[in-house]
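Coordinates in review
If you want the building blocks of each chain, they are given just below.
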Amino acid sequence: PQTLAPLKDAASFPLGLAAMTGQFDDGGWTQVARTHFDRITPEWEMKMEAILLEDGGLDFSRSDQLVARARQMGLGVFGHALIWYAQGGPSFEALADRPAEFRRAYRGYIARVMGRYRGQVTGWDVVNEPIRDDGSGLRDCLWSRALGQDGYIIEAFEAAREADPDVPLFLNDYNLESNPAKRRSFLTLAERLLRAGAPLSGLGTQTHIDCDLPDGAIRQTVRELAALGLPVHVSEIDVSTDAGDPARQPRLFAEAVEAMGDLPPAQRFGVTVWGARDRDSWLRRGGEHNPLSPDRPLLFDDDGRPKPAAQAF
Ligand code: XIL
């Protein structure tokens, strides 16, 4: 079989891997995770959907378990995601007309989740996917309707900083490589947040891309994000073979690594791959793409063998 030196030893920055609790019982997965990666990002277990109960209580059983499993293996954990337009809950909806209480519950959620994992995580995605798909500005969502368009984001970062004075706090979004308008909106939001004094410590670009992404788009995006002076995280990279020429996959993965390595060391937060083997991918399980498609978006094949993309990476 093709051999591959541990990726994490070759990288000049931390390497992350998306993980779910059940995968820690799969020997093929743990082999790839422990050999090649420094830290994991939970695919699901730390999202509001997994933690917040209908009555507003919090259930940390799943997130605790995931964090414990990762730490047993010597892997770090990157927290994902506190506030996301796609997830809310009846306990917040019930407060939609009572701004003061809504704000208290919102800040309380952030404080309790972050407080629980203080000292155990290497960073947090505080606000995930705030920009509209067409790039025309901020999404309208439960949070923005209650707390204002920039308001809910500023409030989230402030509450997060209060809960943990040290951990890096990220703003994260997708399609920044393929959609320059969305990238501009994301960057102007980040600039407004910094001007408003929000404790933003880094910028994440998910980098869920397809094989038809032109050369240079990843590099350009990482550079533009870094121009604000903050650390940059390529936070969820996968390269779908559903569109474009699959032969371009290795060089797209390599471009992400090179773009990160070209940043000043203090700005290289790392590159996180959104799954280990192709069969682990959310695109296979049926995300936005055709669930039946034989997508091969990751670095290792279904049997855990390194693909050309892993060699390039
Ligand atoms: C995805 C997970 O991979 C899936 O397992 C889950 O069902 C839905 O969420 N952007 C994000 C991630 O920020 O949280 C998403 O993860 C992928 C897109």
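Residues numbered from 1 in each chain as written. Predicted model: local features only at pLDDT ≥ 70, side-chain atom pairs only at ≥ 80, totals over all residues.

Quick notes on the overall build of the protein
We apply this condition: Working definition: helices are DSSP H or I runs of at least four residues, strands are E runs of at least two. Numbering for both runs from the N terminus. This radius of gyration counts C-alpha atoms alone. The globule rule is 2.2 Å times how many residues there are, raised to the power 0.38. Buried, partly exposed and exposed are defined by the number of other C-beta atoms within 10 Å of a residue's own C-beta, namely 20 or more, between the two limits, and 12 or fewer respectively, with C-beta atoms placed from the backbone. We call two residues in contact whenever the C-beta atoms placed from their backbones are within 7 Å.
Helix and strand content of the protein: 13 helices and ten strands. Scaling as 2.2 N^0.38, a compact globule of 313 residues should have a C-alpha radius of gyration of about 20 Å, and the protein matches this with 19 Å. Seen through its principal axes, the protein has C-alpha atoms that stretch 60 × 40 × 40 Å. In the protein, buried positions account for 46% of the 313 residues. Look at the contacts in the protein between residues 6 or more apart in sequence, and 75% of them connect residues 24 or more apart.

What to know about the site of the ligand
Formally: Here, nearness means that the C-beta atom of a residue, built from backbone geometry, sits within 6 Å of the molecule or strand in question. When residue character is reported, Ala, Val, Leu, Ile, Met, Phe, Trp, Tyr, Cys and Pro are called nonpolar, Asp, Glu, Lys and Arg charged, and the others, Gly included, polar.
Around the ligand lies a shell formed by Glu-43, Trp-44, Ala-81, Asn-128, Tyr-174, Gln-206, Glu-236 and Trp-282. Grouping the amino acids of the shell around the ligand by side-chain chemistry returns four nonpolar, two polar and two charged.

With respect to the nonpolar core
Worth spelling out the cut-off: For our purposes the nonpolar core covers buried Ala, Val, Leu, Ile, Met, Phe, Trp, Tyr and Cys residues that link as a set through C-beta atoms within 7 Å.
Leu-82, Ile-110, Trp-124, Val-126, Ala-156, Ala-160 and Ala-256 are the most contacted members of the largest nonpolar core, which totals 86 residues. Take this core: its biggest share by element is seven residues, from helix α8 (residues 151-163).

A few points about the UniProt feature "active site" (unreviewed entry) in the protein
This is how the line gets drawn: UniProt positions are given in the numbering used here, feature names are shortened, and annotations may be inferred rather than shown by experiment.
In the numbering used here, UniProt assigns the "active site" (unreviewed entry) feature to Glu-236. Positionally, Glu-236 belongs in strand β9 (residues 232-244). Classification of Glu-236 by C-beta neighbours within 10 Å gives buried; the count is 25. Here Glu-236 is in contact with Ala-18, Gln-206, Thr-207, His-208, Thr-272 and Trp-274, once residues within four sequence places are set aside.

Details of the environment of Pro-294
Locating Pro-294 in the fold gives a position in the loop between α12 (282-285) and α13 (308-312). Residues Pro-294 and Leu-283 lie eleven residues apart in sequence; the distance between their C-alpha atoms is 9.1 Å.

Side note on unusual backbone geometry
A cis amide bond links His-80 with the next residue in sequence, Ala-81, at an omega value of -5°. Note that Ala-81 resides in the loop between β3 (76-77) and β4 (83-84). Even without being glycine, Asn-175 reaches a positive phi, approximately 60°. Counting through the fold element by element, Asn-175 comes out in the loop between β6 (169-173) and α9 (180-195). Backbone geometry places Thr-207, a non-glycine residue, at a positive phi of 65°. The residue Thr-207 is located in the loop between β7 (202-205) and β8 (208-211) in this model.

Some details on the packing of helix α6 (residues 99-116) against α8
Put simply, the rule reads: Axis angles are defined between N-to-C directions and span 0 to 180 degrees, where every axis is a line fitted to C-alpha atoms and, for a helix, only to the segment in contact. Orientation labels follow simple angle bins: below 35 degrees gives roughly parallel, above 145 gives roughly antiparallel, 65 to 115 gives roughly perpendicular, and whatever is left gives oblique. For any helix crossing, the convention is left-handed if the near helix is rotated counterclockwise from the far helix by under a right angle, and right-handed if that rotation is clockwise.
Taken N-terminus to C-terminus, the directions of α6 and α8 make an angle of 40°; their axes are 9 Å apart at the nearest point. The angle between the axes of α6 and α8 places the two elements in the oblique class. In the packing of α6 onto α8, the handedness of the crossing is right-handed. Contact with α6, carried on its side by Arg-103, Tyr-106, Arg-107, Ile-110, Ala-111, Met-114 and Gly-115, involves Glu-155, Ala-156, Ala-159, Ala-160, Glu-162 and Ala-163 of α8 and no other residues of that element. Its residues assigned to classes, the contact of α6 with α8 comprises eight nonpolar, one polar and four charged.

Thoughts on α6
What counts is decided by this rule: Here the expected length of a helix is defined as 1.5 Å per residue gap, with one fewer gap than residues.
The end-to-end C-alpha distance of α6, which contains 18 residues, comes to 26 Å, matching closely the 26 Å that a straight helix rising 1.5 Å per residue would cover. Taken together, the buried residues of α6 touch α3 (48-51), α5 (90-93), β5 (124-128), α7 (142-147) and α8.

Some thoughts on the pairing of β8
Put simply, the rule is: The criterion for strand pairing is that DSSP finds at least two bridges linking the strands in question. The handedness of a crossover follows from its direction of travel: if, with the strands pointing away from the viewer, the path from the first strand over the helix to the second runs clockwise, the crossover is right-handed.
Where β8 and β9 come together, four bridges link them in parallel fashion. Across the sheet, residue Cys-211 finds its bridge partner in β9, namely Gly-244. Viewed along the sheet, the connection from β8 through helix α10 (residues 217-226) into β9 turns out right-handed.

A word on the environment of Thr-241
By the element assignment, Thr-241 lies in strand β9. Spatially, the C-alpha atoms of Thr-241 and Val-222 are 22 Å apart, while their sequence positions differ by 19 residues. Those residues in contact with Thr-241 that lie beyond four places of it in its chain are Cys-211, Pro-246, Gln-249, Asp-295, Arg-296 and Pro-297.

Quick word on the packing of α10 against helix α11 (residues 249-261)
Contact geometry of α10 with α11 gives a least axis separation of 8 Å together with a crossing angle of 25°. Taken together, the axes of α10 and α11 are roughly parallel relative to one another. The hand of the α10/α11 crossing is right-handed. Contacts between α10 and α11 involve Ile-218, Arg-219 and Val-222 from the first element and Leu-252, Glu-255, Ala-256, Ala-259 and Met-260 from the second. Partitioning the contact of α10 with α11 into residue classes produces six nonpolar, no polar and two charged.

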